[in-house]
Each structure stands twice: as C-alpha cells, then as structure tokens.
Amino acid sequence: MRTKKRAVAMLLAGGQGSRLGVLTKKVAKPAIPFGGKYRIIDFPLSNCINSGIDTVGVLTQYMPLDLNGYIGNGQPWDLDRNDGGVSVLPPYVRGKDGEWYKGTANAIYQNIRFIERYDPEYVVVLSGDHIYKMDYSKMIDYTEEKNAACTIAVLNVTLEEATRFGIMNTEEDDRIYEFEEKPAHPKSTKASMGVYVFEWKKMKKYLEEDEADPNSENDFGKNIIPNMLAAGERMYAYEFDGYWKDVGTLQSLWDANMELLLPDSPINLGDNTWKIYARNPNEMPHYTSGHAKVKNAMVSEGCRIHGTVENSIIFHGAYVGRGTVVKDSLILPNTVIEDGAVVEYSIIGQNTHIGKNAKIGAPKEVAEATVTPGKMTGYMAVLADDITIGDGQVVAPAEMLDEDRL
Amino acid sequence: MKDTLGLIFAYQNDELMKSLTQKRALSSIPFGGRYRVVDFALSNLVNSGVTKVGIITRNNYQSLMDHLGSGKEWDLSRKNGGMYILPPFAQNSGYRGKMEALRNAENFIRKSTEEYVILSSADVIFNMTFDDALRFHKEKGADITLIYKKGVVKQFDGGAGSGCIIETNGDERVTDIAVNPVIGGEVVKRGLEQIIIGRSLLESLINECTSHNMYSLHRDVLQRHLNDLKIYGYEYDGYCAKIDSIASYYAANMDLLDGDIRSALFYQDDQIFTKIRDEAPTLYTNSAEVTNSLIADGCVIEGTVENSILFRGVHVRKGAVIRNSIIMQDCEIQEKSELQYAITDKDVVIRENRKLFGYNLYPMVLAKGSVV
C-alpha cells in the first residue's frame, strides 16, 4: 500500500512544438535547452519539488528518447523517491486496442491507474512549455479554500494579448462563469497559463464521461473545462502575478532567454529560495581566453571562449574560436564555432559545427530593415542540431537550416 | 576492475596548508573553480572501474563528508560496494604513518573480497586510470607496484619535501627508495603515492607493523622489504601536481590556465566528478573585462578579471580588479577593490576600495568568511 498523497502532478510533455521548427526535429519541446544549462521541463519539475509535490507523472509521446534520458530517475530534481518520485508515462497497449494520446484529457485518462495508486485529493495538470516559477501548493490551498472542483491559474494580460489566449470570464469572487478560447472581443484579461488543479474525484468523473463521448476531441480547453462549467461545477480562477513566459515560438524562446541578461532579470535564476534544478552535464568551469571579449552575456560551464561574445547566451560545452564574433544569439550546448566566423541574431542548435569564417545571420537591425521575415524564424537564422556548416559558408537571416552546408 | 578495492588517504600534509586547512582536511580544499582536491583521486578510481572505495580520514573531516555525501556524484552510492568513510577510532589523536592509518581500516580490508587494493593519496592532481598499471602489476607478478612520475621535481617553499624518490632497473624493479632526499634540478622518479598491492599481502603487512609497533609505509614496509618483496615501478607520464603547500596549491591552480594542461585533466573521456551545486550560468555585464581566466557557474562579473580562477557564486562588482588570484565560492569583491596574487577562501568579502597584494611565490591567503 502506498502513502496517500495530497496532490499528484501530471506534466503534459508530449507536444511536438512544431512552431519551434528545426529545433524540435529530434527532441520534444520540453527538452529544448534554455538559459545556458537548463531545459524547459526543468521549470515545472523544479516548481513541483519546491512546492512540496513529490509525485510527478511526465506524459511523453513525441520524440521521447532524449526526454526519457534527461529525466532518468529524477535525481537532479530530488524526485528519486521510494514512494512517488517522477514516472515517465508513454502511451501503451491495453489488450488489442492500444492507442496514442488523442488529446490532453485522453492522456490523463489513460493514466488514471497511475494516479489512483496514490489516492490523491488533487491532481495538478501542467504543461512543459512555459518558463515560470510558481508555488503550486498555494494554488492547491486556494482550491481547497474555495471548495472548488477545479482552479485555473490565470495571468492578467493586455486586452490586445487576450485575443491570443484562452480567457476566463469570472464573477467578482473569481468564480469562472465562462471560458473563451482566443476571443475576438475579450470580456476579460485573465489568460489561462495552462496550470490546472482538479479535485481528483470530480476530474475522474469528467474524464470518464469525456472518453465515452465519441465526438469529443479529448482536450481540457475544448471539452473538459466547458463540460464542467455547463454542469455548474465550482470553478475558480487563481491569479498569478509573477513572471510567466510561453516559449512556444522561436521568437519567444529567444526573447525569454535574452531576458536573463536584464539587470534585474524577472526570472532570477540565482534565487536560492526557489532553485531551478537541471541534470548536470559535469563540465569544468568555462575558460575565457586572453583574446576574448565578453559583454552582456551568459556563459555556462565547459565553454571555451576565444572570441567576442555580446548579448548572447552560450550554453554548456560550446566553443567560440579566435576572432569569432557572436552577437544577439543563442548558442545551444556543445556547439563549435571555429575561428573567424560571425554569428548574429541566430539560434544555433546543439552539437552543430560552424566552420572557419562562416557567416550566420545578419546584425539584428540590418536583418529587420532588409529581410522578409520567415514564418517561423522572423529575422533570425536558425540552425538545427547536429549539422555542419563548412568553412566560409553563409546562412542568411530568416533562414532555417536542417542539413549540412559544406 | 571488479577485483580491486580503492583506499584513499584523505588527510595528507594538512598542517602545511595553513588557514586553508583550519576547518577542513587538505583533500577537501576547493580546487580549479569547482572541484575539491579529493575529486581527482576518487574519479581516477571510479574511472578505472573500482566500485568500492574506502576513505581514510583523520581529523577535520566534516567538510569532506559534506562534500562526498552519499557518493552519488561519483556513482558510488551503491547497493553493493560504493563509498565508505573510515573515520579514526575515538582514542586516536592522529596517525604516525600510513600503516597505522591502515590498521584503522583493517576490518574494512579484511571483510572485502577483492584481490587487489589501490592505495591512493588524495593530494595529487592528475587524471589517470589504473587499468594498465594493474595489468603491469599482474604481468610482472609484482607484490607491490609504485606509480611514479619521471621528471624534475618542482619544490615549493613550505612543502613536504621531495617525497618518495625511487630508482628502478631495466625491468622496472625498484632498486632503491629514498624518502625526502635533498635533490637538485635533476630528473628523478618520484612516487605519486599511488600504490597497487595484493589485499592479503596488505593484511599481513598491517599485522606485521602493528605487532612490531611500526607505522611508516615507506620506512617500515617499502624500504625494509625492498629485497624480499617484488616491488615494481610503473611510470605515469601525464600531468600531475602534488599539493603540499600554499605555493604548490597556487601553482597547480594557475596551471589550469594552460590549455594543454586543461585538456590533459578535463577534456578527456575519463571525467573528474564533483559535488553538484545547481548554480545558474555566469553572467557578464557590459562593464565586464575578463581575460585568461577560468570561471565556474553562478558568478556575476561586472569588473575586471585577469589570469584568475573564480569558483561558483563569486560576485565581482563594478570597478573591482582581480589579477592572478584564486577566488573561492561565494566571495564578494566590491566596487573598486583590487586583488593581486591572493587566495580568498569561501565567503570572503573584500569591501570597497580595499587593495590587497600578495606575491607570486607567496600568495596572500584570506581565511574563510573574513571581511576586509
């Protein structure tokens, strides 16, 4: 018999993240590197352990190998427990009719048995594509206080932004009476953050009903939440006023990384009271050589910097050669940029090799003034993981490259 | 190397390190930006496939235990084997020699089933696996194999002496062992205090020493048995540095600014493992000027850093200048202060406008937590 848990977290990590283009060619979105040494999933996982939630199910589906290896036994997040801890939950075959996760609600439905093992009062549903620090325990307390069947974390956005989010329309006491997905004329500015707390017994009932409905898309936003509202369940909005960033697009990924360089970075990674944990790459301290010039940049362990780095995040194990210039860019882990190359306003994938005197992207202002923006890339040049750019080769701004250019 | 047991001496030459060992053993002195001296001995054993390691401590080992934890960072948190910390029995105030220290570990050694033992002193910075040395030991039918480094011994003021200098014949059989002889600038074979020995032989030697009130590994075992035991020398030709004084500690750290030495120690398949601290990457602001320096995660650099080593969580404020220095974990160097040839232990604060200068061969050491 396992210990009864107050709350179990279910982290939806199966999304492909197709708007991140070539970066998610080989890895699922939650496994995308962030902030020099982290991955996106480190944020919800660290939030869980910092909130006292020690039982987390991670629902994977797309390109799970990297993510599975990264999560491992959960030890970096202190989630290697005898009772609970982190469990990776891929879709599986039952009898003759195994199936993929059809939607977010179906993914939880397929894992009802996992949740029931812990007999929880509450289930916290999280997604693996946001950068934020949040104490989920306060939200669970709020759910209990309101005697709610479900609470949805919301962020106050501008009226203009509200058209791009799922919006909660609430009474004065924050009770939700209506949910609108991307409304053209928003009545409220309370945008859903994709963080839900459900009372488990109620949730189970609605998941089972939803599964029985052949017309359902098995999605929380489209089906479960509207169904619960229609049935008159007590549903509340939980206002969150901290930093929260969706990093679902290349531009927002770049922006969120660059915000780490601000003097009072809104997502203070050095805060010892709410640490963000990551699997440690075990690299030595980074080396900045006598030829290097590093300004307004974040550099992680294992890097070797011999060139100029400005306004950039250099992830662990990267190499920047002599005479090389890196500006306004994200250089993901273990990438090598050889001598004399210029990389500007770009995102360079992991383990990619850029040859001598190659030219990637263009200065930010120049690109913005002269180039037609790409649908996904905007004005940035974006290189996939594990590719090679030969000596002297050029990758234009707004270009997205996922093969060698020799 | 499943048939090999590791034993690390974690207390060598503590008294020579002055304030750096006031509250810790030499083996737990921070080194190279994020490591502790013991990480090298421990990682070498682990990289050789040794899965059971005893760590012999003497005193001031709280910091060492805190660093080692359950041993999981070295993959030594095991169901079978793993890491064992072997503190002294309470009535012992110290060990007169390694054989006396080993007597303390006698139970641990006797209960082990491994055929060989590697005795490793945790005061050497090097990256070596023992596989080839053990093969050599078996091929030669050796009783004891001493791993040595051939070269000119760099001697530093205040150090422990020239160490164990051996001579070997054409077959690498050891023909002479001298302890701390006076030597000049000649090329010698210096023992690295990394020794391979059969476990049952080690047990009987411990017994012999105990019953005759002998305690020195060098004098009472190696020198006495030079002729009746087959003692061989095995050459290690990579980088190594012995830490036995402030000056040698400083020099070994500064060696890391040399790319070849860094490669030899760290950019290898065999990694050096250490305790994890979960720091954010280091942030350089617009006013940062950093050259030829080794910098760990978690630092914020607003000032000038040259030819220096910064440990995790150091804050260098605007206008501060650090040259040729070693700045340990969580130090704060405030506005317009200046440091040259300084070693600041953990949590040191250098207040605004303070200027402190040591000298190349005699770096200034600031004790843990001091505020200048």
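**Concerning the pattern of salt bridges**
Next up, step 1: As enumerated under the stated definition, the model contains 42 salt bridges over all chains in all.
Next up, step 2: Residue D171 of chain B pairs with K140 of chain B through a salt bridge whose shortest N-O separation is 2.6 Å. Highlighted residues: D171 of chain B in the loop between β9 (164-168) and β10 (174-179) and K140 of chain B in the loop between α5 (131-139) and β8 (144-152), separated in sequence by 31 residues.
Next up, step 3: Relative accessible area serves as the criterion here: at 36%, D171 of chain B is assigned to the partly exposed category.
Next up, step 4: A salt bridge links R224 of chain B to E208 of chain B; the shortest N-O distance between them is 3.0 Å. Of the two residues, R224 of chain B sits in the loop between α7 (217-223) and β12 (231-235) while E208 of chain B sits in helix α6 (residues 199-211), which places them 16 residues apart along the sequence.
Next up, step 5: Here the salt bridges do not stand alone but share partners, grouping K5, D54, D78, R81 and D83 of chain A into one network.

**As for the pairing of strand β17 (residues 308-314) of chain A**
Along any regular strand the residues' side chains alternate between the sheet's two faces.
Residue and element names in this part refer to chain A.
Next up, step 1: Within β17, five of the seven residues are buried, leaving the element largely enclosed by the surrounding structure.
Next up, step 2: With six bridges joining them, strand β15 (residues 293-299) and β17 adopt parallel strand pairing. Along β17, the bridge assignment pairs K293 with T308.
Next up, step 3: Relative to strand β19 (residues 325-327), β17 runs parallel, the two being bridged by three bridges. Paired with V309 across the two strands is V326, which belongs to β19.
Next up, step 4: Across two bridges, the pairing between β17 and strand β20 (residues 330-331) is parallel. Opposite I314, over in β20, you have I331 as the bridge partner.

**Quick notes on the nonpolar core**
A general tendency of soluble globular proteins is for nonpolar side chains to be buried together.
Next up, step 1: In terms of nonpolar packing, the biggest core is built from 126 residues, with V56, M134 and I354 of chain A together with I301 of chain B touching the most fellow members.
Next up, step 2: Setting aside residues up to four positions removed in sequence, I301 of chain B forms contacts with T282, L283, Y284, T285, A288, V290, I295, L310 and V316 of chain B.
Next up, step 3: The next biggest cluster of nonpolar side chains, apart from the first, holds 36 residues, and it includes L146, C164, I177 and L222 of chain B.

**Quick notes on the side chain of D129 of chain A**
Residues and elements named next belong to chain A.
Next up, step 1: When you line up the elements, D129 lands in the loop between β6 (122-127) and β7 (130-132).
Next up, step 2: A polar contact of 3.1 Å, which involves the side chain of D129, links it to the side chain of K29.
Next up, step 3: Within the local environment of D129, its side chain forms a polar contact with the side chain of S127, the two groups lying 3.0 Å apart.
Next up, step 4: Contact partners of D129, with chain neighbours within four places excluded, come to K29, I40, K245, D246 and V247.

**A word on helix α9 (residues 250-258) of chain A**
Next up, step 1: In terms of burial, α9 of chain A is largely enclosed, as seven of its nine residues are buried.
Next up, step 2: Burial in α9 of chain A covers these residues: L250, S252, L253, W254, A256, N257 and M258 of chain A.

**Considering the packing of aromatic side chains**
The relation between two aromatic rings is expressed through the spacing of the ring centres and the mutual angle of the planes.
Next up, step 1: By the definition in use, this model includes 24 aromatic pairs over all chains.
Next up, step 2: Between Y11 of chain B and Y95 of chain B the ring centres are 5.4 Å apart and the planes differ by 55°, which places this aromatic pair in the tilted class. Residue Y11 of chain B is found in the loop between β1 (4-9) and β2 (30-31), and its partner Y95 of chain B is found in the loop between β5 (82-86) and α3 (98-104); the two are separated by 84 residues along the sequence. The same class applies to Y11 of chain B as to Y95 of chain B, namely buried.
Next up, step 3: Three or more aromatic residues link up through ring pairs in this structure, and these residues are F31, Y35, F40, Y249 and F266 of chain B.
Next up, step 4: Sitting over the face of the ring of Y206 of chain A, K205 of chain A holds its NZ or CZ atom 4.3 Å from the ring centroid.
Next up, step 5: When the ring centre of F9 of chain B is taken as reference, the NZ or CZ atom of K98 of chain B above it lies at 4.9 Å.

**Notes on the interface of chain B and chain A**
Next up, step 1: Each partner contributes to the interface: chain B provides 36 residues, whereas chain A provides 32 residues.
Next up, step 2: Summed over both sides, the interface of chain B with chain A buries roughly 2900 Å², with 49% coming from carbon and sulfur.
Next up, step 3: In terms of surface lost to chain A, no three residues of chain B exceed D278, P281 and Y284 of chain B, which account for 23% of the buried area on that side.
Next up, step 4: For R34 of chain B, the salt bridge identified is with E301 of chain A, shortest N-O distance 3.2 Å.
Next up, step 5: Between chain B and chain A we count 22 residue pairs in polar contact (both at pLDDT 80 or more) in total.
Next up, step 6: Breaking the side of chain B that touches chain A down by element, the ones donating at least two residues are β14 (282-284), β15 (289-291) and β16 (293-295) of chain B.
Next up, step 7: Class assignment for the residues of the side of chain B that touches chain A results in 16 nonpolar, eleven polar and nine charged.

**Quick notes on α6 of chain B**
Residues and elements named next belong to chain B.
Next up, step 1: For α6, spanning 13 residues, the distance from its first C-alpha to its last is 19 Å, which sits close to the expected 18 Å at 1.5 Å a residue.
Next up, step 2: Within α6, burial applies to R199, L201, L202, E203, L205, I206 and C209.
Next up, step 3: Backbone geometry just downstream of α6 places N213 in the positive-phi region, at approximately 55°.

**So, the packing of helix α7 (residues 200-212) of chain A against helix α8 (residues 220-230) of chain A**
Residue and element names in this part refer to chain A.
Next up, step 1: Running from N to C, α7 and α8 cross one another at 120°; their axes reach a closest spacing of 10 Å. Judged by the angle between their axes, α7 and α8 are oblique. Of the two elements, α7 crosses α8, and the hand of that crossing is right-handed. Residues M203, Y206, L207 and D210 of α7 lie in contact with α8, whose contacting residues are F220, N223, I224, N227 and M228.
Next up, step 2: In the contact of α7 with α8, the residues fall into six nonpolar, two polar and one charged.

**Quick word on unusual backbone geometry**
All names here are of chain A.
Next up, step 1: Even without being a glycine, N296 presents a positive backbone phi close to 45°.
Next up, step 2: Along the chain, the position of N296 falls in strand β15.
Next up, step 3: A positive phi angle, close to 60°, is found at N334, a residue other than glycine.
Next up, step 4: Mapping N334 onto the fold places it in the loop between β20 and β21 (336-337).

Reading guide: rules and limits
- Residues numbered from 1 in each chain as written.
- Chains lettered and ligands numbered in written order.
- Predicted model: local features only at pLDDT ≥ 70, side-chain atom pairs only at ≥ 80, totals over all residues.
- Heavy atoms only, no water.
- Salt bridge = Lys/Arg side-chain N within 4 Å of Asp/Glu carboxyl O.
- Helix = DSSP H or I, 4+ residues; strand = E, 2+ residues; numbered from the N terminus.
- Buried < 20%, exposed > 50% of the residue type's maximum accessible area, 1.4 Å probe, protein only.
- Pairing = 2+ DSSP bridges.
- Core = buried A, V, L, I, M, F, W, Y, C linked by side-chain atoms within 4.5 Å.
- Contact = heavy atoms within 4.5 Å.
- Polar contact = N/O pair within 3.5 Å; in protein donor to acceptor, adjacent residues only side chain to side chain.
- Phe/Tyr/Trp six-rings, centres within 6.5 Å; stacked < 30°, edge-to-face > 60°.
- Lys NZ or Arg CZ within 6 Å of the ring centre and 35° of its normal.
- Buried area = accessible area lost by both parts, 1.4 Å probe.
- Nonpolar A, V, L, I, M, F, W, Y, C, P; charged D, E, K, R; others polar.
- Expected span 1.5 Å × (residues − 1).
- Axes fitted to C-alpha atoms, helices over the stretch in contact; angles between N-to-C directions.
- Parallel < 35°, antiparallel > 145°, perpendicular 65-115°, else oblique.
- Left-handed = near helix turned anticlockwise from the far one by under 90°.

By themselves, these are just geometric observations and shouldn't be taken as functional.
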